Amino acid sequence: MRFIPGFLLFVSVALTTACGGDSAIDDTRKKPNSFASVKNPANDFSQTSTGDSDNTVGLASDEIRITMELPGSLAPDGELTRRNLRIVQPDSVRAYKINNTLQEVGTVSYALRQDDEGYTVISFENGQPLSPDVIIEAQYGNTTLRSLATDADRDIKINPFSEYLLRNTLPKYSPGEFQRLVDCADETRETLCLNKLVWPALADQVHDFEINIPTETSIAGALELLAQRADLASYIASAAGYPLLDDQSTSNISANSAEYNSVFMGLELGQTFLESSLAGSGQWGIRMGREKPTSQTTYLYPGSTLSSLEFLGIKTTSLAAQIPYDRKTLIHKNTNEFFHRGADFWTLNTHEASPGAATLDSDTRLLALRALYQSITDRDSSRIIGWTRNPYYLDAFVSGPGDANTGLDRTLGGYFSAGKAIELKSEQGRLARKDELEAHYVSALELNLMQQSGFDASALNGNEYNTIYLALRFSDSAPLSSGPSSSTPPMQIESGSGWWQIGAGSGSSTITQTQAYTTLTRDSSGAVLAGAAVNHSDSWTLSSRIARLSSGDKNIGRLNLDVNNPAGLDQPDLGIGASVPDGSFMAFNLMNAATTAGVIGDGLLVAAEQASGAPTSGRYRVQGFALGMIDGFNRLIHLDNGTLVLFNETGASLSSATFEVLHSVNDETVSTPKAAQLVAPWVPGPQDPQPVPEEDLLVTPLTYSSDLGKGKVSFSAGTLSLEGFVTADQSQFFLLYEDTINGEERRGLLMATKLP
């Protein structure tokens, strides 16, 4: 096994510089590829970092540094660092080869030294390993922990996270599968296989998870705590399967580079400690992609870039994204008082993925391990906030021509990322972590639609579309004296579907429509009320929204959605969205959307050209989110890459693991993500459930109505209802989710996209 000199550096540079054009990813390209010269990331919060540090100061090109981190009870005198761990200098360090059962089976050649601050430094004779059969073991007192020797950075952390990763990946492989992984890194091979990119990223990103280890916890207790985190367990399980992907099924996009407009919605549930009078309360939140001014004449737009990359025979796709977003929250106190914090309270923030390699599987799925940069808001104020985001495994749908000139016209994915808001204080020119202000859990849908220079919205005229939307509206509690009848509900979920016909108007397009929608509200008393279906048929206006770029004003496929007059560059009545170049698919961020019939709120609307029919066979990946409410509880549900199988025109099945976050209003507690299933919610008990193996997932038979006309479909099972449409090419379903389980009302938005 030999570390190919410059390989990982080449990939990093290639992925970053591959991003071109005037869009959100331009800022990503400008970010430095280095970290401050400190060995404790708790003392230097940076928005050019994904959380874990990569300190190479004082290292030769063939050296790596070892940082051992332990729970406080095992190292009370250690230096406090992220995740409530403490840095110690190990008593001994050694490296050796292992098999898939983690047994020591051989030696490797390396040398050890200590740097000026007492950190152990290793240099491997043949370079830093890339395969997972070499580990580094560190011992401190009676505690022994291990880490993979491969890592995308050169400051290797040895702690409960690295030990958990080892125990929950390699023993899952058969001897033959493990040998495939090792053979990939054989130094005599002339080509690189896929997992040479996977293992360094996985070993690095596991340390970006912001999961605190309690001070009194033992190593066994820390490993058990990590096993209970459904998001971490799912990420590692998905990542472990990634390098086994058959190289023959992978491909890369034909076009050199493709730019995308991103339509992003994130739903969050968490716990706030920001305001002392409300500390400990649960908090709903919604995040919406939003353009950000960068000068008086230019803006940063939510966007992403895909680029082809082939190096020494390995085919991969580079992926970079940057999404400015607005945030709104609703604090739910245990007294059933509600406090709305709008976009005027929260500074515009940024959801930015670190540039990295992705794989195009069978020209249908885009797979990647995604790390998200930290961000900083209110830097010039007395309250500086640092925002952390956990990594996630991306399994996104791609479609479109994919030819040498155009590339893929869309990338659609759903994912989950927990995070924190942390108070920052300036110390010696750096921002040090202080109190945690929030812990939140975000389920997101990200729809990336290909840009087209010179896009003309009038090309949509004459088309007919199926539509679907879900939106939230927050408000403060009404005064008690006003009575329930005059109260605006503190929280309302509105979900609807319908039909659009687009026709020519004066300087814009006119939307003739029929829509049916329902609402779910929590009133000022805390009661949950489900509304009856309502129909409306008012007309809307659709127009192009100019993008103000450094190269000049251009139409790139961005759209305004208004009630009457086109908004131009102002805020539209309903929202801002985008279209794919051929106009067959559109998506919109609804922002303070209001019509003549009333206020809709903030959310996501999807429109797709009507289909001539619906499929009667096939497998589809299910992603999305749902909200659950009952007296005394709030629940966030994330669909974790489920599977919808169509058998015929009337039969289907759904298997879906979920992550669930539960807020107990009276107890003022918010759970960490728990593993459950869509039709079997997580209920707190003495022993929380472990992540559900795929083979044990409950498969729910569904009644499938595929003949509702023009691509409209429905699925049902008991109280479960999924209603929506399929796209004209029958590769994507968009569905409204509705269910009542043990009195808990649930509403959500799902998408099911074609699997190979």
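The structure presented is a predicted model; accordingly, all values stated were derived computationally and were not measured. (Residues numbered from 1 in each chain as written. Predicted model: local features only at pLDDT ≥ 70, side-chain atom pairs only at ≥ 80, totals over all residues. Heavy atoms only, no water.)

**What to know about the overall build of the protein chain**
- Secondary structure summary: the protein chain contains seven helices and 48 strands in total.
- For the protein chain, with 756 residues in total, the buried portion stands at 61%.
- The contacts in the protein chain between residues at least 6 apart in sequence include a share of 65% that link residues at least 24 apart.
- As displayed, the protein chain has an accessible area near 26,900 Å², and 47% of this comes from carbon and sulfur atoms. (Helix = DSSP H or I, 4+ residues; strand = E, 2+ residues; numbered from the N terminus. Buried < 20%, exposed > 50% of the residue type's maximum accessible area, 1.4 Å probe, protein only. Contact = heavy atoms within 4.5 Å. Areas by Shrake-Rupley, 256 points an atom, 1.4 Å probe, with all protein chains shown as cover.)

**Structural notes on the pairing of strand S26 (residues 464–474)**
- Of all 11 residues in S26, 10 are buried; the element is thus mostly enclosed.
- As paired strands, S26 and strand S27 (residues 491–504) are joined by 11 bridges and run antiparallel to one another. Paired with Tyr469 across the two strands is Gly496, which belongs to S27.
- Here eight bridges tie S26 to strand S37 (residues 598–609), and the two strands are oriented antiparallel to one another. Paired with Tyr469 across the two strands is Leu605, which belongs to S37. (Pairing = 2+ DSSP bridges.)

**As for the side chain of Asp562**
- Inspection of the secondary structure puts Asp562 in strand S34 (residues 558–562).
- In this structure Asp562 is buried but unpaired, with Arg545 as the nearest side chain of opposite charge at 7.0 Å.
- Within the structure, Asp562 has its side chain in polar contact with the backbone nitrogen of Asp573 (distance 2.8 Å).
- Look past the residues within four positions of Asp562 in its chain and what remains in contact with it is Trp540, Thr541, Ala567, Pro572, Asp573 and Leu574. (Lys, Arg positive; Asp, Glu negative; His and termini not counted. Salt bridge = Lys/Arg side-chain N within 4 Å of Asp/Glu carboxyl O. Polar contact = N/O pair within 3.5 Å; in protein donor to acceptor, adjacent residues only side chain to side chain.)

**Re the packing of helix H3 (residues 160–167) against helix H6 (residues 219–227)**
- Interhelical geometry of H3 versus H6 gives an angle of 65° and a closest axis separation of 10 Å. Between H3 and H6, the angle is such that the two are roughly perpendicular. As for the relative orientation of H3 and H6, their crossing is right-handed in sense. Each of Pro160, Phe161, Glu163, Tyr164 and Arg167 in H3 lies in contact with H6, whose residues at this interface are Ile219, Ala222, Leu223, Leu226 and Ala227.
- Counted by class, the contact of H3 with H6 contains eight nonpolar, no polar and two charged residues. (Axes fitted to C-alpha atoms, helices over the stretch in contact; angles between N-to-C directions. Parallel < 35°, antiparallel > 145°, perpendicular 65-115°, else oblique. Left-handed = near helix turned anticlockwise from the far one by under 90°. Nonpolar A, V, L, I, M, F, W, Y, C, P; charged D, E, K, R; others polar.)

**Thoughts on the sheet that holds strand S4 (residues 92–98)**
- One open sheet accounts for four strands, arranged S5-S4-S8-S9; its pairing is antiparallel. Only two strands of the sheet have a single neighbouring strand rather than two, namely strand S5 (104–106) and strand S9 (143–148). Geometrically, the sheet is characterised by an average inter-axis angle of 45° between neighbouring strands, direction not taken into account.
- Taken together, the two bridges between S4 and S5 define a ladder with antiparallel strand orientation. If you follow Lys97 over to S5, its bridge partner there is Gly106.

**Describing the side chain of Thr298**
- Relative to the helices and strands, Thr298 is located in the loop between strand S14 (292–293) and strand S15 (299–300).
- Among the polar contacts made by the side chain of Thr298, one reaches the side chain of Thr294 at a distance of 2.8 Å.
- Other than its neighbours up to four places away in sequence, Thr298 contacts Pro293, Arg548, Leu549 and Ser550.

**Overview of the packing of aromatic side chains**
- Here the structure, examined in full by the defined rule, presents 17 aromatic pairs.
- Centre to centre, the rings of Tyr110 and Phe124 are 6.2 Å apart; their planes meet at 55°, and the pair counts as tilted. With Tyr110 in strand S6 (residues 110–114) and Phe124 in strand S7 (residues 120–124), the pair connects residues that are 14 residues apart, well separated along the chain.
- For Phe124, a relative accessible area of 5% gives the class buried.
- Seen from their ring centres, Tyr620 and Phe733 are 5.0 Å apart, and the 80° between their planes marks the pair as edge-to-face. With Tyr620 in strand S38 (residues 618–630) and Phe733 in strand S47 (residues 732–741), the pair connects residues that are 113 residues apart, well separated along the chain. Phe733 shares its class with Tyr620; the two are buried.
- Taken together, the aromatic side chains of Tyr620, Tyr704, Phe715 and Phe733 make up a single cluster linked through ring pairs.
- The cationic tip of Arg83 hangs over the ring face of Phe161; the distance from NZ or CZ to the ring centre is 3.7 Å. (Phe/Tyr/Trp six-rings, centres within 6.5 Å; stacked < 30°, edge-to-face > 60°. Lys NZ or Arg CZ within 6 Å of the ring centre and 35° of its normal.)

**So, helix H4 (residues 175–184)**
- Taken together, the buried positions of H4 are occupied by Phe178, Leu181, Val182 and Cys184. Summarising the axial view, the buried residues of H4 lie within an arc of 160°, below the 170-degree limit, and thus occupy one face. (Arc of directions from axis to C-beta.)

**Focus: the nonpolar core**
- Within the largest apolar cluster, 59 residues are counted, with the highest numbers of intra-cluster contacts made by Phe124, Ile136, Leu170 and Leu369.
- Per element, the largest residue contribution to this core is six residues, and it comes from helix H7 (residues 230–241).
- Among the nonpolar cores identified, the runner-up in size contains 46 residues, and Phe474, Val528, Phe659 and Leu749 belong to it. (Core = buried A, V, L, I, M, F, W, Y, C linked by side-chain atoms within 4.5 Å.)

**Thoughts on the pairing of S47**
- Counting buried residues along S47, eight of its 10 residues qualify, which places the element largely inside the surrounding structure.
- Joining the antiparallel neighbours strand S46 (residues 720–726) and S47 is a turn of five residues, in which Gln730 adopts a positive phi near 65°.
- Judged from the 10 bridges that link them, S47 and strand S48 (residues 744–754) form a sheet pairing that is antiparallel. In the sheet register, Ile741 faces S48, and the bridge partner there is Glu744.
- Taking the residues between adjacent antiparallel strands as the criterion, S47 and S48 are bridged by two residues, where Asn742 takes a positive phi near 50°.

**Some thoughts on unusual backbone geometry**
- Phi is positive for Leu102, which is not a glycine, with a value near 70°.
- The residue Leu102 is located in the loop between S4 and S5 in this model.

**Quick look at the pattern of salt bridges**
- For the structure on display, the rule yields 36 salt bridges.
- Linking Arg82 and Glu210 is a salt bridge whose minimum nitrogen-to-oxygen distance equals 3.1 Å. Linking Arg82 in the loop between strand S2 (79–80) and strand S3 (85–88) with Glu210 in the loop between helix H5 (195–205) and H6, this pair joins segments that are 128 residues apart in sequence. There is no split in this pair, since Arg82 and Glu210 are both buried.

**Brief notes about H3**
- Of all eight residues making up H3, seven are buried, and the element is well covered by its neighbours.
- Within H3, burial applies to Pro160, Phe161, Ser162, Glu163, Tyr164, Leu165 and Leu166.
- Where H3 starts, the residue carrying a side-chain oxygen 3.0 Å from the main-chain nitrogen of Phe161 turns out to be Asn159.

**Focus: the environment of Gln89**
- Positionally, Gln89 belongs in the loop between S3 and S4.
- In this structure the C-alpha to C-alpha distance between Gln89 and Ile66, which are 23 residues apart in sequence, comes to 8.8 Å.
- The contact partners of Gln89, leaving out residues within four places of it in the chain, are Glu117, Gly118, Tyr119, Thr120 and Tyr140.

**A word on the environment of Asn555**
- For Asn555, the position within the fold is in the loop between strand S33 (552–554) and S34.
- Residue Asn555 is classed as partly exposed on the basis of its relative accessible area of 26%.
- For the pair Asn555 and Ser544, spaced 11 residues apart in sequence, the C-alpha to C-alpha distance is 6.9 Å.
- Residues in contact with Asn555, not counting those within four places in the same chain, are Gln452, Ser453, Gly454, Phe455, Ser544, Arg545 and Ile546.

**Section: the confidence of the model for the protein chain**
- Averaged over all residues, the pLDDT of the protein chain is 88; the fraction at 70 or higher stands at 87%.
- Here residues 28–37 is a poorly scored stretch, pLDDT under 50, and it has 25 contacts once near neighbours within four places are set aside; other chains count.
- Note on residues 480–486: pLDDT is under 50 here. Beyond four places in sequence and across chains, it has zero contacts. (pLDDT = per-residue confidence, 0-100.)

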